[in-house]
Amino acid sequence: MSPLFSVRNNCIQFRGHQRGGSVRLSNKRSEIAVTPYGYASKFEIHFDDKFDVSFGREGETMSLGCRVVITPEIKHFQPEIQWYRNGVPLSPSKWVQTLWSGERATLTFSHLNKEDEGLYTIRVRMGEYYEQYSAYVFVRDADAEIEGAPAAPLDVKCLEANKDYIIVSWKQPAVDGGSPILGYFIDKCEVGTDSWLQCNDTPVKFARFPVTGLIEGRSYIFRVRAVNKTGIGFPSRVSEPVAALDPAEKARLKSRPSAPWTGQIIVTEEEPSEGIVPGPPTDLSVTEATRSYVVLSWKPPRQRGHEGIMYFVEKCEAGTENWQRVNTELPVKSPRFALFDLAEGKSYCFRVRCSNSAGVGEPSDATEVTVVGDKLDIPKAPGKIIPSRNTDTSVVVSWEESTDAKELVGYYIEASVAGSGKWEPCNNNPVKGSRFTCHGLVTGQSYVFRVRAVNAAGLSEYSQDSEAIEVKAAIAPPSPPHDITCLESFRDSMVLGWKQPDKIGGAEITGYYVNYREVIDGVPGKWREANVKAVSEEAYKISNLKENMVYQFQVAAMNMAGLGAPSAVSECFKCEEWTIAVPGPPHSLKCSEVRKDSLVLQWKPPVHSGRTPVTGYFVDVKEAKAKEDQWRGLNEAAIKNVYLKVRGLKEGVSYVFRVRAINQVGVGKPSDLAGPVVAETRTGTKEVVVNVDDDGVISLNFECDQMTPKSEFTWSKDYVSTEDSPRLEVESKGNKTKMTFKDLGMDDLGIYSCDVTDTDGIASSYLIDEEELKRLLALSHDHKFPTVPVKSELAVEILEKGQVRFWMQAEKLSGNAKVNYIFNEKEIFEGPKYKMHIDRNTGIIEMFMEKLQDEDEGTYTFQLQDGKATNHSTVVLIGDVFKKLQKEAEFQRQEWIRKQGPHFAEYLSWEVTGECNVLLKCKVANIKKETHIVWYKDEREISVDEKHDFKDGICTLLITEFSKKDAGIYEVILKDDRGKDKSRLKLVDEAFKELMTEVCKKIALSATDLKIQSTAEGIRLYSFVTYYVEDLKVNWSHNGTAVRYSDRVKTGVTGEQIWLQINEPTPNDKGKYIMELFDGKTGHQKTVDLSGQAYDEAYAEFQRLKQAAIAEKNRARVLGGLPDVVTIQEGKALNLTCNVWGDPPPEVSWLKNEKALASDDHCNLKFEAGKTAYFTINGVSTADSGKYGLVVKNKYGSETSDFTVSVFIPEEEARTAALEAQKGGKKAK
């Protein structure tokens, strides 16, 4: 059977067969169709050179086409070609044109707009047969004229038109330009003109707007532009023309004979009758209300006479009777009206009066109170974004639709390369449903996706980002469903439930198939199909079963890839009417507030309560791996709540829980297990935090970073909901929630918990006991009667010019904070002597004085006042404290004068580098290009190779291999036209010794631990240093006695290795060895113990190496003479000679193809003088080809030298070469 849909290359092909105006699916390709010409034929319709998924940009042209092949071909009988967009037939217009050339169908877009985005289908009908093919077209936004401006809106339509206004609607664009869209401007243009006029002065956010100020009978077109803080974007595609006429008038005009279009509709009214004042309108209602306008609608009065009537609209604020006429100048001609200029958030009532030439009638009944504001809420963000693989360049994205969304327009999907943070739209025309295929992705790249919903009120928040998915084609059938249960049982039917497969195979599950079988006396029968058509839900009622029969069930899931494997066979269920007296099992168990020693278990009451209502619950627990007989109850008496705080858990242990319900009859069956749950406090767990604000208000706060769009915060006290508590007030926004105590007291003692719904048990709690209550009340009191918190008390410091700065820092200061400055109990003020400053952002309060004089000795105080909070801080400058500060100020003044020219910020000093070189350095400041720096040693200028650029302010002189010749007095001078400064460093006598000692010390400290190394001559002890100089003294001792050096025991330095060599060691050499490195002041020791196992292993290794050296020296070996390969012509003689060596002289043997070879007349083998081996073959043949080996051996070892002999026949070589040449010629052709 051919499938109804076939999916190839991201496109859909459909097959069908229609007869008598109705469509039915056909898999019989041989059916007969009747053509208009009266003879019968069957048709095969194929598409070649088909259009694929296409991408265009606003303003561009695009063509879709394919070649249509119809067999058999009938002349003069052309097929019917119809194009569709999203299932809606397309008609030629100024935007789109169709063409049929006789064999190729083409759809051309003259000017692409985002309205053109969608699924395009071509249907070709021939007689009663048709074929169709589909592919998606994506239209990207045109580049904005102003960078950062929003994209153009789309789908501008006129929803309602009458004499007085036309309601224009549109869809918001997917791209806002990088900043939120502030609103939209609506433009109108009278048909027949090119003059566009803006309809609204301020941008409107709601995607519907009533345009007024129209001329009755005239036709208009409209367009919409979006605006953000950057600017105004491109206008939308214009709407279809619409006339400013009442619907009844429009219908009346359509019924008249048509006349040439003049651009204006002439409206005539019937001759009026006199004397009848119209009655009040009826059925007045508010049909639409936004923050920008309100639309009223009503029915004309029954008492109206024969003449035309008009209407006056009146409004008044709710709760008053102050009625005001809205349209004082122009009466309304239609029974609908749009009101503007209403105050947002205020409440109004409305009424309408009729009027004609006889007068103004009585008002209608007033409307209900209407609050001005958007009645349509922005939809909530979609949830659970799941990408699944589709093709090499596309991904299928599915999501949970926005909950409680009204007038939903659709969804926008965006994609981002994982880790880039840059988002791009996947569609520019909102799509409905909860699934969309995102095309144009890069194969092998990983993407994340997000979705947001849109209606007339605006765009929702973005959903949470999806998991990253690599783009590649991969779908498979889903894994088996699981956990089949019987939800309800009747006399002849049963309701089954199951859980969705863990793996859906990369494609959306399209349905389930259920099989069942009878089980008689424990023997299962044959499987039967329960449903022919796939069921979409995870539950199904199987009918026509036998009463009291036992059944087993299997369920299999299906997706685009096919039918998955069936589930495991369910347990046996008996088909019988349930009449259970005790309750059924509770369900939907959930663990929350999981910590290392506790958690909260929650559940839902059983579906079946039994004969009497449920009176309570029992909760059981056991470790996950424990046996069934180890369940233990957590509560002796039944609890009425549907949750329980479980305490006393062991950290890291996995637990499972179950709940049983009880009624007056007894205890019911246990629930399904909850868990396993590991008792642990997860990383990132957040807790409820208590807060006391500036007004002393106490609140509990909680935030959650793992919320879903459906998540909500629920607060409870002692695990009982606080929703109706008069003592508490809860406010939740985004991922944060706050519960405020109105008057915290003893009645509020208890455990307060916050649970986040639709998460993996995220919750937290906070205990308020008597001690915590006292602490919070005290903190609240401090906040109500505060002091200004001080971060730093009043202090005084000297600035670089000798100025004196008095300063303190408060924790924070408001804009109303004030400071009084007091000296010796008198307030001082800003003036020539004192400069005051307050930085309210940092809380720093300062007072500056240019100079300290004798009369400034005394006590200084800063007095702070910030709202109702006060504080002060004092510093005392009297006696020696004042004199010392005065002296320091004068010193700093002189230093400042010195620093006006080039100067040393840090004077000359030395340091020893890691390479044991000496670096002289100083830090300079206030340098310019003309500043010179000159180095001297012993009053002689030193030539420096490199010119310093002063970029880092550090000047250095590196002295390598520092020694006595480098002793002396070093000086560096800075000078330019502003002055000079110098710095001197003496490196003579004791200063030189100190530096040399530091050099040696750094070398000694770099020494590694002593190591033991065995050699063929003996045992070596050694250590490495980074560098060695002769001034570093090296001494070795053995068992506390200095080592005496001889030809057998030697010491030395090789490169960076300091060593002690003990040749031919004896047991007397055992013991503790110490290497001392003396830097001139301190000895630095390294120790090693050469005794016991360390000595035995080293000695044994020495013996082994010694013997190995002897053996290596004397072992048998082949010195040379044998080639690796010998190629020889048949019939020739082969002679090889090889030199060997060994002490004692080696034995020699020969091998051919790994087997022993003996000397004979054909193969002559000789070995002479214990040194030379001869190998001779007289008249070689092909049988002599093979691998040969010469084996030499003595008591110290053996060695084999292999060579290969290859014998060839000249004639065969020639034939082989000719064949190879012939093959090469064919390949070249």
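Located above this text is the structure these notes cover.
Remember, it's a predicted structure, so these values are computed and weren't measured experimentally. Along each chain, residues carry numbers from 1 onward, in the same order as the chain's sequence is written. Totals for whole chains, interfaces and linings use every residue, but because this is a predicted model, local features are given only for residues with pLDDT of at least 70 and side-chain atom pairs only at 80 or more, for both listing and counting. Side-chain measures were taken over the full set of non-hydrogen atoms in the model, leaving aside hydrogen atoms and water.

1. Some points on the overall build of the chain
Inference 1: Strands are runs of DSSP state E lasting at least two residues, helices are runs of H or I lasting at least four, and both sets are numbered from the N terminus onward. Looking only at helices and strands, the chain features 6 helices and 95 strands.
Inference 2: C-alpha atoms define the radius of gyration, and 2.2 Å times the number of residues to the power 0.38 defines the globule rule. For a compact globule of 1229 residues, the expected C-alpha radius of gyration is about 33 Å, and the chain comes in at 49 Å, more than 25% above that figure.
Inference 3: C-alpha atoms of the chain, sized along the principal axes, occupy 145 × 125 × 85 Å.
Inference 4: The 1229 residues of the chain split such that 43% are buried.
Inference 5: Contacts are assigned to residue pairs with any non-hydrogen atoms lying within 4.5 Å of each other. In the chain, the proportion of contacts linking residues at least 24 apart, taken out of those at least 6 apart, comes to 64%.
Inference 6: Only carbon and sulfur atoms are counted for the fraction: they give 49% of the accessible area of the chain, which is about 67400 Å².
Inference 7: Of the charged side chains in the chain, 157 are positive and 177 negative, and the gap between their average positions amounts to 3 Å. Three labels apply to residues, based on accessible area from a 1.4 Å probe with only protein chains included: buried if under 20% of the type maximum, exposed if over 50%, partly exposed otherwise in between. Accessible surface area values rest on a Shrake-Rupley calculation with a 1.4 Å probe, where residue burial reflects the displayed protein chains alone. The charged-residue count follows a simple rule in which Lys and Arg add positive charge and Asp and Glu add negative charge, with His and chain termini not counted at all. By convention, the point assigned to a charge is CZ for Arg, NZ for Lys, CD for Glu and CG for Asp.

2. Comments concerning the sheet that holds strand 94 (residues 1186-1194)
Inference 1: Paired strands, as defined in this entry, are two strands with at least two bridges between them according to DSSP. Pairing is mixed in the open sheet, where 5 strands are placed in the order 88-95-94-90-91. Of all the strands in the sheet, just strand 88 (1125-1129) and strand 91 (1155-1157) have a single pairing partner and so form its edges. Neighbouring strand axes in the sheet, compared pairwise and without regard to direction, differ in orientation by 35° on average.
Inference 2: For strand 94 and strand 95 (residues 1197-1208), the ladder comprises 9 bridges, and the chain directions are antiparallel. Working convention: axes come from line fits to C-alpha atoms, limited for helices to the stretch in contact. Angles between N-to-C directions cover 0 to 180 degrees.

3. Some points on unusual backbone geometry
Inference 1: That bond from T71 to P72 is cis: its omega, -5°, falls within 30 degrees of zero.
Inference 2: Inspection of the secondary structure assignment puts P72 in the loop between strand 8 (62-71) and strand 9 (80-85).
Inference 3: Put simply, D1143 and P1144 share a cis peptide bond, and its omega is 5°.
Inference 4: Note on placement: P1144 falls in the loop between strand 89 (1134-1141) and strand 90 (1147-1152).
Inference 5: Backbone geometry places D483, a non-glycine residue, at a positive phi of 55°.
Inference 6: Since its relative accessible area comes to 43%, D483 is described here as partly exposed.
Inference 7: In this structure, A1169 is a non-glycine residue whose phi angle is positive, near 60°.
Inference 8: Mapping A1169 onto the fold places it in the loop between strand 92 (1163-1168) and strand 93 (1172-1177).

4. Notes on the packing of aromatic side chains
Inference 1: The rule is short: rings of Phe, Tyr and Trp, with Trp giving its six-membered ring, pair when the centres are within 6.5 Å, and they are stacked under 30 degrees, edge-to-face over 60, tilted in between. Per the stated rule, a full pass over the model turns up 34 aromatic pairs.
Inference 2: When the ring of F702 is compared with that of F713, the centres are 6.4 Å apart and the planes differ by 85°; the resulting orientation is edge-to-face. Pair noted here: F702 is in strand 57 (residues 698-703) and F713 is in strand 58 (residues 713-717), with a separation of 11 residues, a long-range link. As far as burial versus exposure is concerned, F702 and F713 are alike and both buried.
Inference 3: In this structure an aromatic cluster arises from ring pairing among F47, F51, W83 and Y133.
Inference 4: Throughout this description, the term charge over a ring refers to an Arg CZ or Lys NZ atom that lies within 6 Å of the ring centre and within 35 degrees of the ring normal. In this structure, R237 is placed above the aromatic ring of W95, and the distance from its NZ or CZ to the ring centre is 4.2 Å.
Inference 5: In this structure, K541 is placed above the aromatic ring of F490, and the distance from its NZ or CZ to the ring centre is 5.0 Å.

5. Brief notes about the sheet that holds strand 70 (residues 858-866)
Inference 1: Strands sit in the order 67-66-70-71 across an open sheet of 4 strands; the sheet is antiparallel. Either end of the sheet is taken by a strand with one partner, and the two such strands are strand 67 (826-828) and strand 71 (869-877). Each strand axis lies, on average, 30° off the axis of its neighbour in the sheet, ignoring direction.
Inference 2: Relative to strand 71, strand 70 runs antiparallel, the two being bridged by 9 bridges. Directly across from Y860, in strand 71, lies its bridge partner V875.

6. Points about the pairing of strand 90
Inference 1: When strand 90 meets strand 94, the two strands line up antiparallel, connected through 6 bridges. Pairing of L1151 across the sheet is with G1189, part of strand 94.
Inference 2: Two strands pair when backbone bridges link them, and strand 90 and strand 91 are joined in this way by 3 bridges, in the antiparallel orientation. The residue bridging W1150 from the neighbouring strand is L1157, located in strand 91.

7. Comments concerning the environment of E712
Inference 1: Positionally, E712 belongs in the loop between strand 57 and strand 58.
Inference 2: Between the alpha carbons of E712 and R223 there is a distance of 41 Å; along the sequence they are 489 residues apart.

8. Brief notes about the pairing of strand 33 (residues 408-417)
Inference 1: Counting buried positions over the 10 residues of strand 33 gives 8, a clear majority of the element.
Inference 2: For strand 33 and strand 36 (residues 446-455), the ladder comprises 9 bridges, and the chain directions are antiparallel. Counted as the bridge partner of S416 is V448 from strand 36.
Inference 3: Two strands pair when backbone bridges link them, and strand 33 and strand 34 (residues 423-425) are joined in this way by 3 bridges, in the antiparallel orientation. Considered in strand 34, the bridge of S416 is made with W423.
Inference 4: The antiparallel hairpin formed by strand 33 and strand 34 contains 5 residues in its connecting segment, where G419 sits at a positive phi of about 90°.

9. Notes on helix 4 (residues 989-1005)
Inference 1: The end-to-end C-alpha separation of helix 4 is 24 Å, in line with the 24 Å expected for 17 residues at 1.5 Å each.
Inference 2: Those residues of helix 4 that sit buried are F992, L995, M996, T997, V999, C1000, I1003 and A1004.
Inference 3: Buried residues belonging to helix 4 abut strand 72 (903-912), strand 73 (918-925), strand 78 (979-987), strand 85 (1071-1078) and strand 86 (1083-1090). Under the convention used throughout, the expected extent of a helix is 1.5 Å for every residue step, that is, one less than its residue count.

10. Notes on the state of the cysteines
Inference 1: The term disulfide is used for any two cysteine sulfur atoms that are within 2.5 Å. Scanning all chains against the criterion turns up 0 disulfides.
Inference 2: Cysteine C316 is unpaired, with the sulfur of C349 as its nearest cysteine sulfur at 5.1 Å.
Inference 3: What makes C316 buried here is its relative accessible area of 3%.
Inference 4: Since its relative accessible area comes to 12%, C349 is described here as buried.

11. Section: the nonpolar core
Inference 1: L920, W1036 and L1077 are the most contacted members of the largest nonpolar core, which totals 45 residues.
Inference 2: The element that contributes the greatest number of residues to this core is helix 4, accounting for 7 residues.
Inference 3: Contacts of L920, omitting those with residues within four sequence positions, involve S909, W910, W935, C955, T956, L957, I959, Y970, L985 and L987. What makes a nonpolar core is a set of buried Ala, Val, Leu, Ile, Met, Phe, Trp, Tyr and Cys residues whose side-chain atoms join them at distances within 4.5 Å.

12. Quick word on the side chain of Q809
Inference 1: Within the secondary structure, Q809 sits in strand 65 (residues 804-810).
Inference 2: On the basis of relative accessibility, which here comes to 14%, the residue Q809 falls in the buried class.
Inference 3: Within polar-contact distance, the side chain of Q809 engages the backbone oxygen of T842 at 2.9 Å.
Inference 4: Leave out the neighbours within four places in its chain, and Q809 touches V790, K791, S792, T842, G843 and I844. Counted as a polar contact is a pair of N or O atoms within 3.5 Å, where, for protein atoms, one must be capable of donating a hydrogen and the other of accepting one, and residues adjacent in sequence contribute only when both atoms are in side chains.

13. Regarding the pattern of salt bridges
Inference 1: By definition here, a salt bridge exists when the distance from a side-chain nitrogen of Lys or Arg to a carboxyl oxygen of Asp or Glu is within 4 Å. Tallied over the full model, the rule gives 52 salt bridges.
Inference 2: Here E190 ties to R218 by a salt bridge, and the two come within 2.7 Å at their closest N and O atoms. Separated by 28 residues along the polypeptide, E190 in strand 17 (residues 183-190) and R218 in the loop between strand 19 (208-211) and strand 20 (219-227) bring together distant segments of the chain.
Inference 3: Judged by its relative accessible area of 19%, R218 falls in the buried class.
Inference 4: A salt bridge links E1154 to K1187; its shortest N-O distance comes to 3.5 Å.

14. Remarks on helix 3 (residues 880-898)
Inference 1: Spanning 19 residues, helix 3 covers 27 Å between terminal C-alpha atoms, matching the ideal 27 Å at 1.5 Å per step.
Inference 2: Buried residues of helix 3: F882, L885, A889, Q892 and E895, and no others. One side of helix 3 carries all its buried residues, which in axial view fall inside an arc of 140°. Exposed side chains of helix 3 directed beyond 90 degrees from the buried face belong to D880, K883, K884 and K887.
Inference 3: Each element contacted by the buried residues of helix 3 is listed here: strand 64 (790-798) and strand 71. Within this analysis, the arc is defined by the directions that extend from the helix axis to the C-beta atoms.

15. Side note on the environment of R325
Inference 1: By the element assignment, R325 lies in strand 26 (residues 324-325).
Inference 2: By relative accessible area, which is 35% here, R325 ends up partly exposed.
Inference 3: Each C-alpha atom of the pair R325 and F312 lies 6.9 Å from the other, and the pair is 13 residues apart in sequence.
Inference 4: Dropping the residues within four chain positions of it, R325 is found in contact with F312, V313, E314, R353 and V360.

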